[in-house]
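Structural description and commentary
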Amino acid sequence: MLDKKLSTGTGITFRKIEPYLYLAPATILIVLIFLYPIVDIIRTSLLQNNPDGIKTFGFTNYRLVFEDPVFWEALSNNGKLLLSVPILTVLSLLIAILLFEHVRGWLVYRGIIFMPYILAIPVVGVTFVYLLGLNGIVNTLLRGAGLEFLAQDWLGSVKWVLPSLSIVIIYREMGFGVVLFLARLMSLEKEMLEAAAIDGANFWQKHIYVTLPQLSGVIEFLIIVELITMLSWVFAYVFTMTGGGPGFASTVLEFYIWKHAFAFRSPGIASALAVVLLMVTTVLIVLQLRLRSRSLEEGL
Amino acid sequence: MKAPKSRLRFRNLLASIPNQMILIFFSVLSLYPVYYMAVTAFKTRPDWLRNQFGLPSPFTFQNITDALIKGEIPLWFGNSLIVTVASLVITTIVSALAAYAIARFRFPGRAFYFNTMIALMVIPPAVLILPLFVLMVNINLINKLPSVIIIYSGLLIPFSVYLLVSFFRSLPTELFDAASIDGCNNLDIFWRISLPLSTPALVTLIVVNALFVWNELLIALVFLQDQTHKTLMPGLTLFKGHFTVNEPLIMAGTLIATIPMILLYLFGQRLFVEGLTAGAVK
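Residues numbered from 1 in each chain as written. Chains lettered and ligands numbered in written order. Predicted model: local features only at pLDDT ≥ 70, side-chain atom pairs only at ≥ 80, totals over all residues.

**Comments concerning the overall build of chain A**
Per the secondary structure count, chain A includes 13 helices and 2 strands. Here chain A holds 300 residues, and 41% of them are scored as buried. Taking as baseline every contact in chain A between residues at least 6 positions apart, the subset at least 24 positions apart corresponds to 69%. (Helix = DSSP H or I, 4+ residues; strand = E, 2+ residues; numbered from the N terminus. Buried ≥ 20, exposed ≤ 12 C-beta atoms within 10 Å, placed from the backbone. Contact = placed C-beta atoms within 7 Å.)

Here it is in structure tokens:
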């Protein structure tokens, strides 16, 4: 590569440190915004207040977290949100394949279906509070269809609040899934699909046996990205739509960390919760590394 | 036996009806909330109470002008703009330098550095906010725009480096060799060759990052609590609390906040698609 003698003539030592100089500004910010906070929450989570006022290291914060039923509820709420990932994946796949079949106006459809993804989550959240309210469009349509008994306060019911949140998340994230799958579909070789059609495969056979296997990489990509979303990026939905309620029925870990840190002012508990969330996401880091470095493997 | 062309076309049209129906259904679902926001913003409150879902009658600009004049929305809009532009400038320069080093040099720790970037893309911001809050209090940056500018700049680095490394690697090596024979040092090469050739990737990156910063809630909420230093998203979310009695006014506010991103989308749909699918589709 570029290991010819540099015209500046500063010699071998400069050449050796040169790449690190380029990395320095990014590294400073990474240390400040990522590494320092991670080290600090681990330290804070292990500090405990003793009755005599002296702080010592111990696991009290973690014991309190694990004894807290709301923590388990929040964790299981995150788990339930993960269930929307397969629904989201299948719907995106279905729509992408329909668009790929060159229906009339597919570009317009793509433009429209992707649009929710560029809307801000608070904007989506505030709007859906009205749409899902007691007199919102959903209930109005149900009443109009004579299904009055199904109408209810979708975000105010312990039973329905998580499914309702999931639907809103799916609504926004689906645009991303569709565009992602469509981009991959358009890069496929046409010959195999044509051969399958000539051999008499029908629409579904063609896509299940020929298209899907070739999409496995990008399907895996979407699933991992969305798993990360459901664990790390749902705060804004919860904050704007439900405030974690009713009760704690829609409290997720992110929201509970924020509550402990800024509403309950208990930094020790907030830090212990943050460490637990970090542990959960570590599983995803492994998946992410496998996925992302694969596409850039050559040469690194 | 071959069917006459027109009959074949008619049969194709018939066959596509179920597909069209499904797509129309999902398009209506996608558009409806935007439609609702837009029509509500132009309704009077009594009209909204009577007729939530139809077109405005009478049609009014009152909410839009109220939102623009009476409240703090113009101020928040300005803050969002400053924060977005400043974060993008910092993160783009810093990430481009780092990506250049990873793509063009061989040095100990290169793969480790790159993998660290990939891993950091997964870290939830909720994990980081408490220590950052204490830090910002200590250096007296709470309720000041630089606090969130620094945080956004840092948060965006991993994805930006990742995207730019994959782009820099695709540039032909010969160009760089030729330039260095001609006496360019590496910084010259970066500045005069790598960056200009990467304009498409840089524009894509900026568009995707702009979307993130403009729409972000959690960090803006925690670090900018003072009414005059808020950005649009936390401003509007809490605005809702102040004005629960005037839904059309709230929708006018969200509409105003959405317009810049809709414009960006209309002009650069392709860029969004490329940036967001980077790394998944070769």
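**Focus on the overall build of chain B**
Helices and strands together make up the secondary structure of chain B, namely 14 helices and 0 strands. Scanning chain B from its N terminus toward the C terminus, one meets helices and strands in the order α-α-α-α-α-α-α-α-α-α-α-α-α-α. Rg of the C-alpha trace for chain B: 25 Å, well past the compact-globule value of 19 Å for 282 residues, more than 25% over. Along the first, second and third principal axes, the C-alpha set of chain B runs to 80 × 75 × 35 Å. Counting all 282 residues of chain B, 46% fall into the buried class. Expressed as a percentage of contacts within chain B between residues at least 6 apart in sequence, the contacts between residues at least 24 apart total 76%. (Rg over C-alpha atoms; globule rule 2.2 N^0.38 Å.)

**Looking at unusual backbone geometry**
Of note, the bond from S57(B) into P58(B) is cis; its omega dihedral lies within 30 degrees of zero at 0°. Mapped onto the elements of the fold, P58(B) is located in the loop between α3 (45–50) and α4 (62–69). One non-glycine residue, R265(A), lies in the positive phi region at around 50°. Mapped onto the fold, R265(A) is located in the loop between α12 (253–263) and α13 (267–294). When the 10 C-beta atoms within 10 Å are taken as the criterion, R265(A) is described as exposed. Phi at N143(B) is positive, roughly 65°, even though this residue is not glycine. Along the chain, N143(B) turns up in the loop between α7 (125–138) and α8 (145–169).

**Let's talk about the interface of chain B and chain A**
Taken together, the contact pairs 84 residues of chain B with 84 residues of chain A. Taken together, the residues of the side of chain B that touches chain A sort by class into 56 nonpolar, 22 polar and 6 charged. (Nonpolar A, V, L, I, M, F, W, Y, C, P; charged D, E, K, R; others polar.)

**Section: the domain arrangement of chain B**
When cut into domains, chain B gives domain 1 (5–64) and domain 2 (73–242). The C-alpha-based centres of domain 1 of chain B and domain 2 of chain B are spaced at 37 Å. (Domains from an automatic or database assignment.)

**Some details on helix α10 (residues 186–197) of chain B**
For the α-helix, the turn length of 3.6 residues means that residues three or four positions removed from each other point alike. All names here are of chain B. If you check which residues of α10 are buried, you get N186, I189, F190 and S194. Each buried residue of α10 sits inside an arc of 100° when the element is viewed along its axis, so together they form one side. Along α10, exposed side chains directed more than 90 degrees from the buried face belong to R192 and P196. (Arc of directions from axis to C-beta.)

**Observations concerning the nonpolar core**
Counting residues in each nonpolar core, the largest one holds 163 residues, and the members touching the most others are I257(A), L273(A), A274(A), A99(B) and L164(B). Here this core spans two domains, and each of domain 1 (5–64) and domain 2 (73–242) of chain B adds at least three residues to it. Excluding residues within four positions of it along the chain, L273(A) makes contact with V65(A), F71(A), L253(A), Y256(A), I257(A) and H260(A). (Core = buried A, V, L, I, M, F, W, Y, C linked by C-beta atoms within 7 Å.)

**Comments concerning the environment of V238(A)**
Residues and elements named next belong to chain A. By the element assignment, V238 lies in helix α11 (residues 235–241). Taking the C-alpha atoms as reference points, V238 and I42, 196 residues apart in sequence, are found 26 Å from one another. When near neighbours in sequence (up to four residues on either side) are disregarded, V238 contacts G244, S250, V252 and F255.

**Observations regarding the confidence of the model for chain A**
Residue and element names in this part refer to chain A. Averaged over chain A, the pLDDT score is 86; the fraction of residues at 70 or greater is 93%. Mean pLDDT across the elements of chain A bottoms out in strand β2 (residues 55–57) (80) and peaks in helix α3 (residues 69–82) (94). Scored below 50 in pLDDT, residues 1–7 makes 14 contacts in the model with residues more than four places away or belonging to other chains. (pLDDT = per-residue confidence, 0-100.)

**With respect to the packing of helix α8 (residues 161–186) of chain A against helix α10 (residues 203–232) of chain A**
All names here are of chain A. Relative to each other, α8 and α10 sit at 160°, their axes nearing to 10 Å. Considered as vectors, α8 and α10 are oriented roughly antiparallel to each other. Remark: the crossing between α8 and α10 carries right-handed chirality. Contact residues: α8 offers E173, G177, L180, F181 and R184, while α10 offers L215, V218, L222, E226 and T229. When its residues are assigned to classes, the contact of α8 with α10 shows 5 nonpolar, 2 polar and 3 charged. (Axes fitted to C-alpha atoms, helices over the stretch in contact; angles between N-to-C directions. Parallel < 35°, antiparallel > 145°, perpendicular 65-115°, else oblique. Left-handed = near helix turned anticlockwise from the far one by under 90°.)

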